[in-house]
Amino acid sequence: MTSDQAGVALVTGAAGFVGRHLVSLLETATNWDVVGLSRSASRISQRTISIRCDLRDGEHVARVLDHYRPSVIFHLAAQSYVPKALADPAGTLSNNILGQVNLMEGLIASDLSPRVLIASSSEIYGAVEPADLPVTEDAPFRPGNPYAVSKATQDLLGYQYWSSSGMDIVRARAFNHSGPGQSERFVLSGFARQVAEAETGKVEPTILAGNLDAERDFLDVRDVVQAYLRIVDEGEPGDVYNVSSGIPRRVGDLLATLMEMSSVSLSTRSDPARMRPSDVPTIYGDSTKLKSRTGWAPTFSIDQTLQDTLDYWRDTL
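So, here is what we can say about the structure in this document. Please read these numbers as outputs of a predicted model, since none were measured by experiment. (Residues numbered from 1 in each chain as written. Predicted model: local features only at pLDDT ≥ 70, side-chain atom pairs only at ≥ 80, totals over all residues. Heavy atoms only, no water.)

Here we take up the packing of aromatic side chains. Here the structure, examined in full by the defined rule, presents 5 aromatic pairs. Judged by centre distance (6.3 Å) and plane angle (55°), the rings of W32 and F74 are tilted. With a gap of 42 residues between them, W32 in strand β2 (residues 32–38) and F74 in strand β4 (residues 72–75) connect regions that are remote in the sequence. A relative accessible area of 0% places W32 in the buried class. A residue is classified by how much of its surface remains accessible, and F74, at 0% relative accessible area, is buried. Each ring, one from Y312 and one from W313, has its centre 5.1 Å from the other, and the planes form 70°; the classification is edge-to-face. We note R185 situated over the ring of Y81; from NZ or CZ to the ring centre the distance is 4.3 Å. Above the ring of Y241, the side-chain terminus of K289 is found at 5.4 Å from the ring centroid. (Phe/Tyr/Trp six-rings, centres within 6.5 Å; stacked < 30°, edge-to-face > 60°. Helix = DSSP H or I, 4+ residues; strand = E, 2+ residues; numbered from the N terminus. Buried < 20%, exposed > 50% of the residue type's maximum accessible area, 1.4 Å probe, protein only. Lys NZ or Arg CZ within 6 Å of the ring centre and 35° of its normal.)

Structure, rendered in C-alpha cells:
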C-alpha cells in the first residue's frame with residue numbers, strides 16, 4: 001500500500017520527538033488514518049487517534065492490532081538515550097527488544113500483513129575505521145553501548161521475521177538527527193537550550209559541553225521522517241537503508257554556529273558528566289541506496305536546523 005491509498009497507519013512512539021514529526025507528516029501528506037501509540041496519555045493531535053500502550057504488554061498490543069488492523073506500521077518506540085542505557089542496560093534491552101517481539105507476534109496472531117518499517121540506528125555500526133567511511137549498509141555491527149545493542153537486535157529481528165515469516169518489513173538506519181521539539185538530553189538541542197537560557201539573563205552565559213571534537217552525520221528530523229515515508233512507499237521488502245547526509249560535522253563547529261546565532265556573548269566550559277565512556281571519533285553514512293531507490297534527498301540545511309531548534313527553545317522558555 002502507498003501513501004495515496006486509504007488505510008490505517010500505526011505509529012509506535014508517536015508522542016516522542018520523531019514520532020510527533022512523523023504524525024504531522026502523515027496527517028498532511030497521506031490519505032491514511034493515523035493511530036499513535038505511546039506510553040503517555042497525552043493527545044498527539046486532533047486528527048490522530050492517540051492510545052496509551054506499553055509495548056511490553058503483549059496482550060494489549062495484540063488487542064490494539066486486532067482492533068485497528070493497520071495497513072502500515074512505523075515502529076519508532078524505543079528507549080533511545082545512551083546515558084540511560086548505560087545506567088540501566090537491562091531495562092533498555094527489555095523495553096526495545098521485547099516491545100518489537102510483541103508487535104511482530106501480535107501481527108501473526110491477528111493474521112495481519114502490513115508493511116512495517118523498523119527504525120534502527122547508525123549506533124549499531126559503532127567504531128568504524130577511517131578507511132570504511134562513509135558507512136554503507138554492508139558494514140559490520142560493532143555496537144558500543146546497550147542502546148546500540150538493542151537497536152542491532154531490533155534490526156536483526158526485522159530481518160528474521162521477514163525471512164522466516166514472510167512479513168513485509170523494511171528497515172531504516174538513521175544517523176544523528178535533530179530539530180525543534182527534541183529533548184535537551186541530546187547534543188544539539190542541549191546546546192540550543194543552554195543558549196536560549198543564557199539569553200534570558202537568568203543563568204551564567206557559559207555553555208557546558210562534552211566532546212567537541214567528535215564528528216557526526218547530522219540530519220534534520222523533518223528530512224528523516226520524509227525518508228521513512230519514502231522507504232515505506234518504495235523500499236524493497238526485507239531490505240535496509242541508511243538515512244544520512246553523508247557529511248561529517250564537528251560538534252564544536254555546530255556549537256560555534258549556535259553561539260553566533262545568540263543575542264548575547266557566550267563562552268564554553270568542558271563538563272565531564274557530558275562525556276561518554278566510549279565515543280566514536282568520526283562517523284558518517286552513505287545513503288546512496290536510499291536515494292537510488294526512492295529519490296529521497298535532504299532538504300533542510302544544518303543552519304536551518306540549528307536556527308529552528310534554537311527558536312523552539314526560545315519560545316518554550
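Read on for the rest.
The next point concerns the packing of helix α6 (residues 187–199) against helix α10 (residues 302–316). Remark: α6 packs on α10, axes separated minimally by 8 Å, with the N-to-C direction vectors making an angle of 50°. Between α6 and α10, the crossing angle belongs to the class labelled oblique. The way α6 lies across α10 gives a crossing that is right-handed. Of the residues in α10, those touching α6 at L188, S189, A192, R193, V195, A196 and E199 are L306, T309, L310, W313 and R314. (Axes fitted to C-alpha atoms, helices over the stretch in contact; angles between N-to-C directions. Parallel < 35°, antiparallel > 145°, perpendicular 65-115°, else oblique. Left-handed = near helix turned anticlockwise from the far one by under 90°. Contact = heavy atoms within 4.5 Å.)

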